[in-house]
Amino acid sequence: FVPGKFPETYEAFESLLHQDDRDEVARVIKESIETRTVYNTDFKIVWLAGSTHWIQAMGRALYDDTGRAYQMLGIVFNITKRIKNFGHKYIPLN
């Protein structure tokens, strides 16, 4: 993606999710919003060129004065090489 050109919507994000991971990612994000906790999950995305990549995402919602979530903040890491080298298992960062 060209910086600043990705539509910052959940629908745009969801369109990149691998079909196998959409339900689980939606569940994790919904739970995070409802419980006001940080989410931390791994999933696959499909880039515009068609290649599949593993992502680790961590983040949380921001809430307005009425308690409604209005924005998500977080960070993502491309962990494709880690998955290829070590498989899908937890590897501590510290």
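Residues numbered from 1 in each chain as written. Predicted model: local features only at pLDDT ≥ 70, side-chain atom pairs only at ≥ 80, totals over all residues. Heavy atoms only, no water.

**Q** Explanation requested: the overall build of the protein in the structure shown.
**A** A count of helical and extended segments in the protein gives 3 helices and 3 strands. Mapped in sequence order, the helices and strands of the protein form the string α-α-β-β-β-α. When each of the 94 residues of the protein is scored for burial, the buried share is 27%. For the protein, restricting intrachain contacts to residue pairs at least 6 apart in sequence, the fraction spanning at least 24 positions comes to 32%. Accessible area for the protein stands at about 7,100 Å²; split by element, carbon and sulfur atoms hold 55% of it. (Helix = DSSP H or I, 4+ residues; strand = E, 2+ residues; numbered from the N terminus. Buried < 20%, exposed > 50% of the residue type's maximum accessible area, 1.4 Å probe, protein only. Contact = heavy atoms within 4.5 Å. Areas by Shrake-Rupley, 256 points an atom, 1.4 Å probe, with all protein chains shown as cover.)

**Q** What is the right way to look at the pairing of strand β3 (residues 69–78) in this model?
**A** Put simply, side chains in a regular strand alternate between the two faces of the sheet. Summarising the sheet, strand β2 (residues 52–63) and β3 pair through 9 bridges and their orientation is antiparallel. Each residue of the ladder has a partner; that of alanine 61, found in β3, is methionine 72. Between the antiparallel neighbours β2 and β3 lie 5 residues, among them glycine 67 with a positive phi of about 90 degrees. (Pairing = 2+ DSSP bridges.)

**Q** I would appreciate a short explanation of the packing of aromatic side chains in the present structure.
**A** How two aromatic rings sit relative to each other is set out by the distance from centre to centre and by the angle between their planes. Enumeration according to the criterion identifies 2 aromatic pairs in this entry. On the numbers, 5.7 Å between centres and 55 degrees between planes, the contact of tyrosine 10 with phenylalanine 13 is tilted. Separated by 3 residues within a single helix, tyrosine 10 and phenylalanine 13 lie in helix α1 (residues 10–16), roughly one turn from each other. Exposure remark for tyrosine 10: the relative accessible area of 33% places this residue in the partly exposed category. Centroid distance phenylalanine 13 to phenylalanine 43: 5.8 Å. Interplanar angle 85 degrees. Geometry classified as edge-to-face. Pair noted here: phenylalanine 13 is in helix α1 and phenylalanine 43 is in strand β1 (residues 39–46), with a separation of 30 residues, a long-range link. (Phe/Tyr/Trp six-rings, centres within 6.5 Å; stacked < 30°, edge-to-face > 60°.)

The values reported here are purely geometric and, on their own, carry no functional implication.
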